[in-house]
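The residues making up each chain are set out below.
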Amino acid sequence: MKEEEKINLEEEETLKEEEEKNVENSEVTENTEDSEKTEDAAPAEEKDPLEAAKEEIEQLKTQILYKTAEFDNYRKRTLKEKAELILNGGEKAVGAILPVIDDMERAIENGEKTDDPEVLREGMELIYHKFMKALEGLGVKKIETENADFDTDLHEAVAMVPGMGDDKKGKVIDCLQTGYQLNEKVIRHAKVAVGQ
């Protein structure tokens, strides 16, 4: 009996050891599974730096593509607008001059009906004043030369007139061709004779 008790005790100890091992194994397995879950959760939260960089590069490439296309469209639009301005830039000027042309046509038609030169002269003066008013509306004005000091920015000296006296020295004596300014910019210098 003692032997049987001894065998039973050994079996019980063996069973206890196995249970302890099983408990330890299950704890180790649980710890391993927990650590694997933690490791799996970490990559889900934290992306691989290489993948993140690749995604950012793709986003930047897309942005560059959009910006390039947008700039190209802007460039084409401005070139088109510039071409339209060049082609149609004189539209305002032509529109202002057309009524003057109409008046000149009427004057020519009526000039055949009359022989009085004074009437023709008066008609031409009216048309001239209307034309000058239209030009002034466009920003064109005559450069004044009467009793003006000679100014190289506005005048072009084509002749020097000696013996005019000290009061006429450096003054405009005569205007041979009228000069004009467009919005304060000289578009044609006045050709003048200057006292010496």
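If you're wondering where the values come from, they're calculated on a predicted model, not measured in any experiment.

> Sorry if this is basic, but what is going on with the overall build of the protein here?
A count of helices and strands for the protein gives 4 helices and 6 strands. A burial count over the protein gives 11% of its 196 residues as buried. Only carbon and sulfur atoms are counted for the fraction: they give 53% of the accessible area of the protein, which is about 16,600 Å².

> How do you make sense of the sheet that holds strand S1 (residues 140-142) when you look at a structure like this?
Hydrogen bonding along the main chain pairs the strands of a sheet, whether they run parallel or antiparallel. Read from one edge to the other, the open sheet built from 3 strands follows the order S1-S4-S5, with strand pairing classed as antiparallel. What marks the edges here is a single partner per strand, and that holds for S1 and strand S5 (185-188). Along the sheet, successive strands turn relative to each other by an average axial angle of 35 degrees, direction set aside. Sheet topology note: the strand S4 (residues 180-182)/S5 ladder contains 3 bridges and is antiparallel. Bridge pairing links Gln181 to Val186 in S5.

> Please explain the packing of aromatic side chains as it appears in this structure.
The description of an aromatic ring pair uses the distance of the two centres, along with the angle that the planes make with each other. For the structure on display, the rule yields 1 aromatic pair. Ring geometry for Phe71 versus Tyr74: centroids 6.3 Å apart, planes at 40 degrees, classification tilted. Placement of both Phe71 and Tyr74 in helix H2 (residues 49-88) is noted, with a separation of 3 residues, approximately one turn of the helix. The class for Phe71 is exposed, based on a relative accessible area of 52%.

> Just to check I follow, could you spell out the sheet that holds strand S3 (residues 172-177) for this structure?
Strand order in the open sheet formed by 3 strands is S2-S6-S3, with mixed pairing between adjacent strands. Each edge of the open sheet carries a strand with a single partner, namely strand S2 (155-161) and S3. Ignoring which end each strand starts from, the neighbouring axes of this sheet average 30 degrees apart. As paired elements, S2 and strand S6 (residues 190-195) share 6 bridges and run parallel to each other. In the sheet register, Glu156 faces S6, and the bridge partner there is Lys191.

Rules behind the numbers
In this convention, every chain numbers its residues from 1, walking through the sequence in written order. With pLDDT at 70 or above as the cut-off, local features in this predicted model cover only qualifying residues; side-chain atom pairs require 80 or more to be listed or tallied, and sums for whole chains, interfaces and linings still use all residues. Hydrogen atoms and water are omitted, and side-chain values are computed over all heavy atoms in the structure. Secondary structure elements follow DSSP: runs of H or I no shorter than four residues count as helices, runs of E no shorter than two count as strands, and numbering proceeds from the N terminus. Relative accessibility thresholds used throughout: buried, under 20% of the residue-type maximum; exposed, over 50%; partly exposed, between the two (1.4 Å probe, protein chains only). Areas reported as accessible are Shrake-Rupley estimates using a 1.4 Å probe. Residue values count occlusion only from the protein chains shown. One bridge is not enough; two strands pair if DSSP finds at least two bridges between them. Under this scheme, a helix contributes an axis fitted over its contacting stretch, all axes are lines through C-alpha atoms, and angles between N-to-C directions fall in the 0 to 180 degree range. Under the pairing criterion, centres of Phe, Tyr and Trp rings, with the six-membered ring standing for Trp, must be within 6.5 Å; the plane angle then separates stacked pairs below 30 degrees from edge-to-face pairs above 60, leaving the rest tilted.

Read these as layout, nothing more, since geometry by itself doesn't imply function.
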